[in-house]
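Listed below, chain by chain, are the residues.
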Amino acid sequence: MLLKVSNVNKSFGSKIVLTDNNLEVGKSEIHALVGMNGAGKTTLVRIISGVIDDYEGDIIFEDKNINKLSVIERQNVGIYVVPQHAAIIPEFTVAENIILGTWPKDTLGMVDWKKIYENAEKVLHDYGLDFDPRMKVRDLSLVNQRKLNVVRALFSKAKLVILDEPTTALSSEERDSLFKFIEAQRQQGTSFILISHYLEEILRLCDTITVNRDGRSYTGYKKGEIDEATLSKLIVGESVKLLERSSEEKLKTKKVSLEVNGVSGKGMDNISFTLGRGEVLGVVGFPGSGAREICRALSGLNTISKGQITLNGREFSIPKDPKTAVNQKIIYVSFDRHKEGVVQLLSIKENISMSILTSRLKKMFGFINKTKEIENANEYFKTLAVRASSINESVGNLSGGNQQKVVISKALSALPEVLILDEPTVGIDIKSREEILALIDHLTKERGLSVLYLTNDFNELLRISDRLLFFEDGKLIVDKVNDGLTAEDVMQIRDLKDLKEGVLN
Amino acid sequence: MSTKVNLETSTPKTKQSLKSSNIVSLLSNNIVWLLLILAILIMGIVNPIFFSPSILQNILVQTAVLGVLTAGLAHVLIIGEIDLSITGVLAFSAGIGTFLMNRGLNWFLAIIIIVLFGLLIGIINGILIAKFKAAALIETLAMGLILEGALMALTQGRSIINFPDAFTWIGKGSIFGIPVLPIPFLLVYLVIYFIWKKTIFGRSLFATGGNPTSAHVSGINVDRIKIYAFAVSGALAGFSGYLLSAYMGAVTMTFGSDLLMYTLAAAVIGGVSLSGGRGNISGVLGGVLLLTVIQIGLQVLGISSYFVTMAGGAMIFIAVMIDATKTRYLKY
């Protein structure tokens, strides 16, 4: 046995986070750790890696109790965490990132650059990667950055690599390529703990599964012994009903809400489409294809150089910043929750109010209408079932899924006519995801809200979208009604013109 | 430290640590006020003169200038920037106002000019930093140097003196035996309390400091909020320049230049985070009072003036270390 977690307990203040957690990881094993947001996965990982050092219970690594070891000492014995937000330095080259902290010196005691690049080239080659060690990391694709992170861990002689949500924001091809890479390293004798919300990939890749629910661990499920439905029931504690958007509604949409006409700008080339009232329009395309660009441009985050936009019959003036877009009733929920979504230090209430300070909450002399603020925040707090003690709790204390609910509440508070959702369910558990999808379904039907929906999870996209837009090279190439399409269909359409080399790494 | 605890004893231990952690967080959030009370008590015990009303009054009077200056600076710190020009603004705006006054300008207009000049410099700082993306640290440092130098050029090394009584009343006068100076100082804090707690500007300030990108995406005009923050900082620096010149009855060549480090220290001791997004005005008030009490206390205790600066520095050092320890402790 490589790692043994035995009866680990942990509480933060009054909140019990982990109760009697157990799990075992063998040599050359890929072990999945799954569970809802707030179930205690991250805490458990931080205990294993030593970031949290005041826990109860034992962590045994290679038959030795490592409770007393610090983070660095645990790295030295071979436990290495690759976090969600990659711990690499984008301005450094690939080689510098790999050898970070262990610079080889020449006879004069200076850093030996020649040796660094030689070493790095060899390391990359050993792990089956073929990118240039002299490249800056910021120029690497996302999937290669993730692989580089794993390489860094392996280079530091890691025996157990813990991957926290490694496939976030990757396309399905990139995901496969990452998995192949992980599988290859496993065959070389490295063990992995993989944290992910994508059950399908877990069942495909992992040998054993541990489920965390409400701070308890349910461990020892072997590959092949458990199917997706059972697993998702185990994670949530009840069966989750997947949202099915009814198809009659889909074709009923006649009234046009948003009309985009010949919009060009950075990464966008003469894009025209319409979005019906109450319609959910799925947006598909690789990074740089124009899919995300048009979403951000409509919300004032990218510049539009040319084109006309009409919203519900009125002229929509080209937004120069998000404020002008929000004032005209288009609001954007970013894929990057940490950077562009929440303010961690502020409370749930204060976060939700951010989009309506100068509109709905404005009182005389620049004061905030407190009554209305509390009323509004409470409304969304309840509708979206945010799991927190009250609207006054600081957002930084919430789990990822609940933070995302706060971001969506903030967007909906502005009473938008068009809501632009960019990867709204990234890193969110199944239950929260279905709650968010159900709310979108409801609002489009009841309030006539129109939605642009961008995600790389095509199964999810197909369940919620009425129609799909495919982008490539800044152009809109296909506009197709979703009449029973499958994820394979979507990939096929997307790749039609895309068989040239070099697009996929 | 990892401690291995027998499961049977674990539950009561958790409860106990919960209780004590609540008390600790309550204490640490008001740490500056605790330190203040402690400082006054210790000094009072060593020398009972410290409890006399005149000394306590004196504390408020002497805090006024530092207090108003720090209140302005806190706005800039909360948005995650810094303003090192404030002592330069304080000095030159007081200098130009009194200079013109001595050449026949009405005393009231002189006050207006002092505050407006501070406001103008604040707006310029804000625009250069928010719109032109100048680095605040260097830009405001340069601005401060320019203004301090400008005061020297203006005064040619001589002090500006002979102010009309109406001008100095706020610094030297009293109503019913109570000095006037603490009144504008405390009023500034009262107004800022409401601005931070109740207004759109106050909320936007904290949102911008907490996460500027998030605030921007949510439709907050981040650049404008930054400019406003620097404008408040500049205007209050000008106003504190007026207070200091009225209190001293003169504008000297090195007017107010020793305040810069104290004002930064007071804000940080008062719990304003240098990385932005965190702070409350009662903490700032506690911070400026604490620093003044220490300075006055050392004088009252008869510590040689050669040691006062060093002792003051040591106290700031201790207060900041306590604050840092608190931040570390409350991380989880």
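Structure shown above.
Remember, it's a predicted structure, so these values are computed and weren't measured experimentally.

(A) Just the overall build of chain B, in detail. In terms of helices and strands, chain B carries 14 helices and two strands. Counting the 332 residues in chain B, one finds 51% classified as buried. Counting only contacts in chain B whose residues sit at least 6 apart along the sequence, the fraction spanning at least 24 positions is 78%. Working note: accessible area of chain B is about 15,500 Å², and carbon and sulfur atoms make up 69% of it.

(B) The arrangement of a nonpolar patch on the surface in detail. All names here are of chain B. Taken together, Leu-38, Ile-42, Val-46, Leu-301, Ile-303, Tyr-306, Phe-307 and Met-310 make up a surface patch of nonpolar side chains, about 860 Å² in accessible area. Secondary-structure elements contributing two or more residues to the nonpolar patch are α2 (31-46) and α14 (305-329). Mapping Leu-301 onto the fold places it in the loop between α13 (281-300) and α14. Its relative accessible area of 31% is what places Leu-301 among the partly exposed residues.

(C) Spotlight on the pattern of salt bridges. Using the criterion set out here, one finds 29 salt bridges over all chains in the structure. Among the ionic pairs, A:Arg138 bridges to A:Asp139, the shortest N-O distance being 3.6 Å.

(D) Representation of the interface of chain A and chain B in the model. On the chain B side, the residues contacting the 43 residues of chain A number 32 residues. Approximately 3,200 Å² of surface area, both sides summed, lies buried where chain A meets chain B, with 60% of it carried by carbon and sulfur atoms. On inspection of chain A and its partner chain B, the count reaches two salt bridges. Close ionic contact of B:Arg203 with A:Glu373 constitutes a salt bridge, the shortest N to O distance being 2.6 Å. Linking chain A with chain B are eleven residue pairs in polar contact (both at pLDDT 80 or more), by the criterion used here. Among the secondary structure elements, those contributing two or more residues to the side of chain A that touches chain B are β1 (3-12), β4 (56-61), α11 (322-327), α12 (337-340), α13 (348-353) and α14 (370-383) of chain A.

(E) Broad picture of the packing of helix α3 (residues 53-78) of chain B against helix α11 (residues 222-248) of chain B. All names here are of chain B. Their axes nearest at 7 Å, the elements α3 and α11 cross at an angle of 170°. With respect to their mutual orientation, α3 and α11 come out roughly antiparallel. Along the contact surface, α3 presents Val-61, Gln-62, Val-65, Val-68, Leu-69, Ala-71, Gly-72, Leu-73, His-75 and Val-76, while α11 presents Ala-229, Phe-230, Val-232, Ser-233, Leu-236, Ala-237, Phe-239, Ser-240, Leu-243, Leu-244 and Tyr-247. Taken together, the residues that form the contact of α3 with α11 break down as 16 nonpolar, five polar and no charged.

(F) Layout of the environment of A:Ala158. Residues and elements named next belong to chain A. Tracing the chain through its elements places Ala-158 in the loop between α5 (142-155) and β7 (160-164). Looking at Ala-158, the relative accessible area reads 11%, which means it is buried. C-alpha separation for the pair Ala-158 and Thr-190, spaced 32 residues apart in sequence, amounts to 7.5 Å. Other than its neighbours up to four places away in sequence, Ala-158 contacts Gly-78, Tyr-80, Ala-153 and Thr-190.

Rules used in this analysis
Residues numbered from 1 in each chain as written. Chains lettered and ligands numbered in written order. Predicted model: local features only at pLDDT ≥ 70, side-chain atom pairs only at ≥ 80, totals over all residues. Heavy atoms only, no water. Helix = DSSP H or I, 4+ residues; strand = E, 2+ residues; numbered from the N terminus. Buried < 20%, exposed > 50% of the residue type's maximum accessible area, 1.4 Å probe, protein only. Contact = heavy atoms within 4.5 Å. Areas by Shrake-Rupley, 256 points an atom, 1.4 Å probe, with all protein chains shown as cover. Patch = residues over 30% accessible without salt bridge, like charges linked within 9 Å, V, L, I, M, F, W, Y side chains within 5 Å. Salt bridge = Lys/Arg side-chain N within 4 Å of Asp/Glu carboxyl O. Buried area = accessible area lost by both parts, 1.4 Å probe. Polar contact = N/O pair within 3.5 Å; in protein donor to acceptor, adjacent residues only side chain to side chain. Axes fitted to C-alpha atoms, helices over the stretch in contact; angles between N-to-C directions. Parallel < 35°, antiparallel > 145°, perpendicular 65-115°, else oblique. Nonpolar A, V, L, I, M, F, W, Y, C, P; charged D, E, K, R; others polar.

So, to be careful, I would describe these as geometric facts and stop short of saying anything about function.
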